[in-house]
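Architecture at a glance
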Amino acid sequence: MGRDISDEEDSPGGAKVIVLGEQYWQRRFNREPNVLGQTLTIDGRPHTVIGIAPAAYTEMWRVDAWVPLARSVDQSTRGSNFLVVVGRLEDGVTPAQA
């Protein structure tokens, strides 16, 4: 429901938005569809709810919500290796080719 984070939002100075996981949406908001457009305060900053991620996606990552990466990265911690990136190779593509 709703939408995902846009490239514009995931850039320095982008809007403060949040996508909720379906299980969190159910637990916290009783699956109310009017949560879209509401404001949640995260770390003292307001974020607008723009979407609900499906349960299958939420279960895979085991998180309750997503915010734009560019807005959440503290530039003073660059190089601290705090991110884990997961990818999937297309059939027939080797790691070296990727």
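Residues numbered from 1 in each chain as written. Predicted model: local features only at pLDDT ≥ 70, side-chain atom pairs only at ≥ 80, totals over all residues. Heavy atoms only, no water.

1. Focus on the pairing of strand β1 (residues 17-21)
Test applied: Classification of residues uses two cut-offs on accessible area relative to the type maximum, computed with a 1.4 Å probe and protein chains only: under 20% is buried, over 50% is exposed, and between them is partly exposed. Labels follow the DSSP assignment, with helices taken as runs of H or I lasting at least four residues and strands as runs of E lasting at least two, numbered in each case from the N terminus. For two strands to be treated as a pair, DSSP must find at least two bridges joining them.
Counting buried positions over the five residues of β1 gives five, a clear majority of the element. Of the two faces of β1, the one lined by Val 17, Val 19 and Gly 21 and the one lined by Ile 18 and Leu 20 are each fully buried. Sheet analysis places β1 next to strand β4 (residues 65-66), joined by two bridges and oriented antiparallel. By the bridge assignment, Leu 20 is partnered in β4 with Ala 65.

2. What about the sheet that holds β4?
Spelled out, the test is: Should any heavy atoms of two residues lie within 4.5 Å, those residues are considered in contact. In this analysis an axis means a line fitted to C-alpha atoms, helices contributing only their contacting stretch, and an angle means the value between N-to-C directions, from 0 to 180 degrees.
With mixed pairing, four strands are arranged side by side in an open sheet as β2-β3-β1-β4. Every interior strand has two partners, whereas the edge strands, β2 (39-42) and β4, have only one. Both β1 and strand β3 (residues 45-53) contribute to a ladder of five bridges, which runs parallel. Bridge pairing in β3 places Val 17 opposite Thr 48. Contacting β1, β2 and β3, helix α1 (residues 22-29) runs over the sheet at an angle of about 90 degrees to β1.

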